[in-house]
Structures are given as structure tokens and as C-alpha cells.
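Observations on chain architecture
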Amino acid sequence: MAAGTAAVVATSWPLELAEELLAAVRRNDTNWLRTDGVFVALPAYRIYLDERAPHLAWPEVLDLARTYGLPVHEAASLELAVRTALPLATTSPALLSAAASAAVPVFTP
């Protein structure tokens with residue numbers, strides 16, 4: 001995503017990002033300096049939290065989780081892409097498979 005472009009993310013995304021970066025440091029895939037750099041760079045992007053998502057946890061998100069065998073947080077991202085007709089940005093194999101089955105376009109940088 002180029003600086004200045006916009007993205008809409010599930011409300012759980014900031015926590016998921018922090019969790020993934022923490023896990024990467026713990027696996028020695030990166031270091032604290034690089035992860036801090038991610039958070040410093042984020043304001044250059046227009047990232048909007050989807051405020052409707054918490055109200056759609058049931059039945060929409062839960063139905064997608066059941067249908068595609070996804071964790072709820074991944075189903076929330078799929079639901080957002082379906083509802084907004086925006087491409088889905090993910091590297092999760094399960095979510096990519098669900099997106100293909102649901103005919104949801106996938107973002108490619």
C-alpha cells in the first residue's frame with residue numbers, strides 16, 4: 001500500500017498487527033527497532049476502522065466463520081471485504097481460500 005492511500009480494516013486489526021509483530025520478535029524474525037518503525041510509519045497511511053463490524057459478529061461474521069472454517073477475526077475481514085466490495089489484503093492461506101470460494105478479490109501490492 002502506497003503512503004497516502006486508504007484502507008478499511010476490521011476493528012481487531014490494530015491488535016492483530018501488534019500480536020503478529022510481537023510474535024515475529026519472539027521468533028527472532030525481526031527486532032524491536034524494526035517493529036517500532038512500523039508503528040512510526042503507520043500515520044502516513046489512512047487506515048480506517050470498520051465501526052459496523054462489532055454489530056455484525058452474529059450472524060454475518062459467525063456464519064462466514066462456520067461456512068469457511070475460519071477463526072472469527074479472519075471471518076470479520078472477509079465480511080468487510082464482501083460488504084464493501086473492496087479487495088481483501090491477507091497472507092492467511094485459509095482466508096485466501098475462503099476469499100476465492102466467496103469470489104472476493106484479493107489485494108496484491
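The structure displayed is predicted, hence computed values, not measured ones.

The next thing to look at is the layout of surface pockets. Put simply, the largest pocket is a space of about 1,300 Å³. Lining of the largest pocket is provided by 32 residues; of these, Val9, Trp13, Leu88, Ala89 and Thr90 occupy positions nearest its centre. Elements represented by at least two residues in the lining of the largest pocket include exactly strand 1 (6-9), helix 1 (13-26) and helix 4 (72-84). For the lining of the largest pocket, the element with the highest residue contribution is helix 4, accounting for 6 residues. Here the residues of the lining of the largest pocket are counted per class, giving 22 nonpolar, 7 polar and 3 charged.

Time to look at the packing of helix 1 against helix 2 (residues 32-41). As a packed pair, helix 1 and helix 2 sit with axes 10 Å apart at the nearest point and diverge in direction by 165°. As far as their axial angle goes, helix 2 and helix 1 are roughly antiparallel. Judged by the twist between their axes, the crossing of helix 1 over helix 2 is right-handed. The segment helix 1 lies against helix 2, with Leu17, Ala18, Leu21, Leu22 and Val25 engaging Trp32, Thr35, Val38 and Phe39.

So, about the pattern of salt bridges. For the coordinates displayed, the defined rule picks out 4 salt bridges. In this structure, the salt-bridge partner of arginine 66 is aspartate 63, at a minimum N-O distance of 3.8 Å. Placement of both arginine 66 and aspartate 63 in helix 3 (residues 57-68) is noted, with a separation of 3 residues, approximately one turn of the helix. Note on arginine 66: relative accessible area 58%, which makes it exposed. Residue class for aspartate 63 comes out partly exposed when judged on its relative accessible area of 35%. With a shortest N-O distance of 2.7 Å, glutamate 79 and arginine 83 are connected by a salt bridge. Linking glutamate 79 with arginine 83, this pair stays in helix 4, spanning 4 residues, or about one helical turn. Salt bridges sharing partners connect three or more residues here, namely Asp50, Glu79 and Arg83.

The rules behind these values
Each chain carries its own residue numbering, running from 1 in the direction its sequence is written. Totals for whole chains, interfaces and linings use every residue, but because this is a predicted model, local features are given only for residues with pLDDT of at least 70 and side-chain atom pairs only at 80 or more, for both listing and counting. The side-chain numbers reported here are obtained from all heavy atoms of the structure, hydrogens and water having been left aside. Put simply, the grid is 1 Å and covers the protein atoms alone, a cavity is a trapped set of points that fit a 1.4 Å probe, a pocket is an open set with protein on both sides within 12 Å along at least five of seven lines, and lining residues have an atom within 4 Å of a point. Grid points are joined across faces, edges and corners, and a volume is the space filled by probe spheres set on the points. Secondary structure counts use DSSP, requiring at least four H or I residues in a row for a helix and at least two E residues in a row for a strand, with both numbered from the N terminus. Classes in brief: Ala, Val, Leu, Ile, Met, Phe, Trp, Tyr, Cys and Pro nonpolar; Asp, Glu, Lys and Arg charged; the others, Gly included, polar. Helix axes use the C-alpha atoms of the stretch in contact, all axes being lines fitted to C-alpha atoms, and the angles between their N-to-C directions lie in the range 0 to 180 degrees. Should an angle fall under 35 degrees it is taken as roughly parallel, and over 145 as roughly antiparallel, whereas 65 to 115 is taken as roughly perpendicular and any remaining angle as oblique. Each crossing gets its hand from how the near helix is turned against the far one by less than a right angle, where anticlockwise is left-handed and clockwise is right-handed. Residue contacts are defined here by distance: any two heavy atoms, one from each residue, within 4.5 Å place the two residues in contact. Salt bridge criterion: a side-chain nitrogen from Lys or Arg within 4 Å of a carboxyl oxygen from Asp or Glu. Whether a residue is buried, partly exposed or exposed follows from its accessible area with a 1.4 Å probe, protein chains only, as a fraction of its type maximum: under 20%, in between, or over 50%, in that order.

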